[in-house]
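Coordinate inspection notes
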Amino acid sequence: VQLMESGGGLVQPGGSLRLSCAVSGFTFSRYAMRWYRQAPGKERELVAVISSAGGFTNYADSVKGRFTISRDNAKNTVYLQMNSLKPEDTAVYYCNAHLGLLDYWGQGTQVTVSS
């Protein structure tokens with residue numbers, strides 16, 4: 001199982017970024033996917049989740065109305081569109097697959113929101 005995030009970077013407050021997570025090694029379309037983030041000195045927190053077919057999504061209160069999770073099951077990829085970014089969104093963002101009793105993580109992608 002491999003998860004590979006991309007799309008992070010430095011952006012000014014109010015800006016946008018789109019993160020991608022390309023997945024391989026399991027039947028992507030059968031599993032919900034999640035995005036987490038971890039800021040320096042803080043615990044990893046769940047940002048967004050999407051069901052296997054994409055019909056259900058849920059978000060942390062801190063990102064509701066600004067972030068959108070989506071997926072393309074034909075491309076084995078999950079996305080996180082982040083708009084109206086704030087300095088407090090600065091973190092390493094990870095995608096996650098929970099398969100049975102095991103959790104799989106990507107290497108993370110750094111998002112820095114700063115002027």
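In this text the structure is predicted, and so the values were computed from the model without any measurement.

1. Thoughts on the state of the cysteines
Working definition of a disulfide: a covalent bond connecting the sulfur atoms of two cysteines. Under the definition given, this model contains one disulfide. In this model, Cys 21 is linked to Cys 95 through a disulfide, with the two sulfur atoms separated by 1.9 Å. Between Cys 21 and Cys 95 the sulfur-sulfur dihedral comes to about 45°; the bridge is accordingly right-handed. Here the residue Cys 21 occupies a position in strand S3 (residues 17-24), and Cys 95 occupies one in strand S9 (residues 91-99), the gap between them amounting to 74 residues. When sorted by exposure, Cys 21 lands in the same class as Cys 95, which is buried.

2. A closer look at the pairing of strand S8 (residues 77-82)
The buried count for S8 comes to five of six residues, which makes it a mostly enclosed element. Across six bridges, the pairing between S3 and S8 is antiparallel. Along S8, the bridge assignment pairs Cys 21 with Val 78. In this sheet, S8 lies alongside strand S7 (residues 67-72) in antiparallel orientation, the contact comprising six bridges. Counted as the bridge partner of Thr 68 is Gln 81 from S8. Remark: four residues form the turn of the hairpin made by S7 and S8, two consecutive strands paired antiparallel; Asn 76 in that turn has positive phi of roughly 50°.

3. With respect to the nonpolar core
Ranked by internal contacts, the top residues of the largest apolar core, which has 30 residues, are Met 33, Trp 35, Val 78, Leu 80, Met 82 and Tyr 93. Of all the secondary structure elements, the ones that give two or more residues to this core are S3, strand S4 (33-38), strand S5 (45-50), S7, S8, S9 and strand S11 (109-113). When residues of this core are assigned to their parent elements, the largest contribution, five residues, is made by S9. Those residues in contact with Leu 80, other than ones at most four positions away along the chain, are Leu 17, Arg 18, Leu 19, Trp 35, Val 47, Ala 48, Phe 67, Thr 68, Ile 69 and Tyr 93.

4. Notes on the pattern of salt bridges
Under the counting rule described, the total for this entry stands at four salt bridges. Residue Glu 45 pairs with Arg 37 through a salt bridge whose shortest N-O separation is 2.6 Å. Residues Arg 37 and Asp 89 are paired through a salt bridge, measuring 2.9 Å at the closest nitrogen-oxygen approach. Residue Arg 37 is found in strand S4, and its partner Asp 89 is found in the loop between S8 and S9; the two are separated by 52 residues along the sequence. Take Arg 37: its relative accessible area is 5%, and that puts it in the buried class. If you follow the salt bridges from partner to partner, you end up with Arg 37, Glu 45, Arg 66 and Asp 89 in one network.

Reading the values: rules and limits
Counting restarts for each chain: residues are numbered from 1 in the order of the written sequence. Whole-chain, interface and lining totals are the exception, using all residues; otherwise, since this is a predicted model, local features are given only for residues with pLDDT of at least 70 and side-chain atom pairs are given and counted only at 80 or more. Side-chain figures throughout are based on the complete set of non-hydrogen atoms in the structure, without hydrogens or water. Any cysteine sulfur atom paired with another within 2.5 Å is treated as part of a disulfide. By the criteria applied, helices consist of DSSP H or I runs no shorter than four residues and strands consist of E runs no shorter than two, each listed in order from the N terminus. Type-normalised accessible area, obtained with a 1.4 Å probe on protein chains alone, sets the label of each residue: buried when under 20%, exposed when over 50%, and partly exposed for intermediate values. Any two strands with at least two DSSP bridges between them are considered paired. Here, nonpolar core refers to any group of buried Ala, Val, Leu, Ile, Met, Phe, Trp, Tyr and Cys residues whose side-chain atoms link them within 4.5 Å. Note on contacts: a residue pair qualifies if any of its non-hydrogen atoms lie within 4.5 Å across the two residues. Counted as salt bridges are all cases of a side-chain nitrogen of Lys or Arg within 4 Å of a carboxyl oxygen of Asp or Glu.

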